[in-house]
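An overview of the molecular structure
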Amino acid sequence: MRVAFLCTVRGCGEPLRRKGAQRVCSRNHSFDEHRSGFLNLLQPQDRRSKHPGDSREAAQARRRLAGLGHADAVFRAFRHVIDSRARRESTALLDVGCGEGAFLRSIGAAAGVERHGVDISAPSVELAAKSSPDVSYVVANADRFLPYADASFDILTSIDARVNASEFQRVLKPGGVILVAVPAPDDLIELRERIQGATVEKSRAPRIEDELGKSFTLVDRTTIRDQK
C-alpha cells in the first residue's frame, strides 16, 4: 500500500506507521485496527452526534438498495473513466463518503487500482470492510479533514456525498481527476412524491460545480438515466 495515513488528533497530522495491529504517529498517538480490518480515526471534536452518519440499519438498507442495481449506471460510467486512466503501476483511488462500500465493490480487483474508502459512519465502514477485505477503509469526518498524506490519490470519487474542495485539492495528485455524481432533480421522484406528497425537483449540481470550480477545472458533465 502506497498511501500514508495521517494522525487526526487535533494539532498533530503526523504520518501514521504500522505497529502490529496499531497505527502510531511520531507523537505516540495510536489507533487500533478494528477486527474487521478498518481504521477508526474519527475524533470526538469531529462528531456531529454521538453516533454520526448512517446507523447499522440504514447501512444495511443502502446495501439492499445497491443490490437491486439502483446505482449501477453511475458505477459503470465511473468505471469507464477509471479504466481509461488506470496505469500499469498502481493507481490510488479514494471514494469519499463510501457508505457500505457498494461502489468500491463494483470496481472489484481492477488491475492496478489501489482502493480506499472513507465515511463518517462506523457501522457502514464495518459492513464495507467485512465484504471487501482487500479495500482500505477509514472512519473519519471528510467534511473537515481527509486523513491522508498530500498528493496521495490519482482519482477521487464522490457519489451522493458532500465535497470538500480544499481537502480534495490537498490529497489529489497533480493531473488527478475527481468524479462526482449527484442526484438529478427527478431522482426517485415517484418515491418522494409518495412520501412528501408533491413532486419537488431540486438540483444540487450547480452548487457542487461552484464549490469545486474555485479549485478545479470542469472537464465534462453528463446526465445518466436508468429506470428499474
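Preceding block: the structure.
In what follows, the accompanying structure is described. What you are looking at is a predicted structure, and each value in this text was computed from that prediction instead of being measured. All residue numbers refer to positions counted from 1 along the written sequence of the respective chain. Totals for whole chains, interfaces and linings use every residue, but because this is a predicted model, local features are given only for residues with pLDDT of at least 70 and side-chain atom pairs only at 80 or more, for both listing and counting. The side-chain quantities take in all heavy atoms of the structure and omit both hydrogens and water.

**Concerning the sheet that holds strand E4 (residues 39-40)**
Strands pair in a sheet through their backbones, by hydrogen bonds, and they do so in one of two ways: parallel or antiparallel. To keep things clear, this is the line we draw: Criterion used throughout: strands pair if DSSP finds at least two bridges between them. Under the scheme used here, helices are H or I runs from DSSP no shorter than 4 residues and strands are E runs no shorter than 2 residues, and both carry numbers assigned from the N terminus. Every residue pair with non-hydrogen atoms within 4.5 Å of one another is taken to be in contact. As a rule, the C-alpha atoms of each element are fitted with a line to give its axis, helices using only the stretch in contact, and angles between N-to-C directions run from 0 to 180 degrees.
Ordered in space as E4-E7-E6-E5-E8-E9, the six strands form an open sheet in which the pairing is parallel. Here the strands that pair on one side only, and so sit at the sheet edges, are E4 and strand E9 (172-181). In this fold helix H2 (residues 72-85) packs onto strand E5 (91-96), strand E6 (113-119), strand E8 (153-159) and E9, with an angle of close to 165° to the strand it touches most, E9. On top of the sheet, helix H4 (residues 122-131) reaches E4, E6 and strand E7 (136-139); it is set at about 170° to E7, its chief contact.

**With respect to the packing of aromatic side chains**
Rules: Put simply, two rings from Phe, Tyr or Trp (the six-membered ring, in Trp's case) pair if the centres are within 6.5 Å, and we call them stacked under 30 degrees between planes, edge-to-face over 60, tilted for the rest. Burial classes follow relative accessibility: with a 1.4 Å probe on protein chains only, a residue under 20% of its type's maximum area counts as buried, one over 50% as exposed, and anything between as partly exposed.
Applying the stated criterion across every chain yields a total of four aromatic pairs. Between Phe5 and Tyr148, the ring centres sit 5.7 Å apart and the planes meet at 45°, which makes this aromatic pair tilted. Linking Phe5 in the segment before strand E1 (17-19) with Tyr148 in the loop between E7 and E8, this pair joins segments that are 143 residues apart in sequence. An identical accessibility class is assigned to Phe5 and Tyr148; each is buried. A centroid spacing of 5.7 Å and a plane angle of 90° characterise the contact between Phe78 and Phe103, whose relative ring orientation is edge-to-face. Taken as a pair, Phe78 in helix H2 and Phe103 in helix H3 (residues 102-107) lie far apart in primary sequence, 25 residues in all. Like Phe78, the residue Phe103 is buried in the burial classification. Members of the aromatic cluster, joined through ring pairs, are Phe5, Tyr148 and Phe153.

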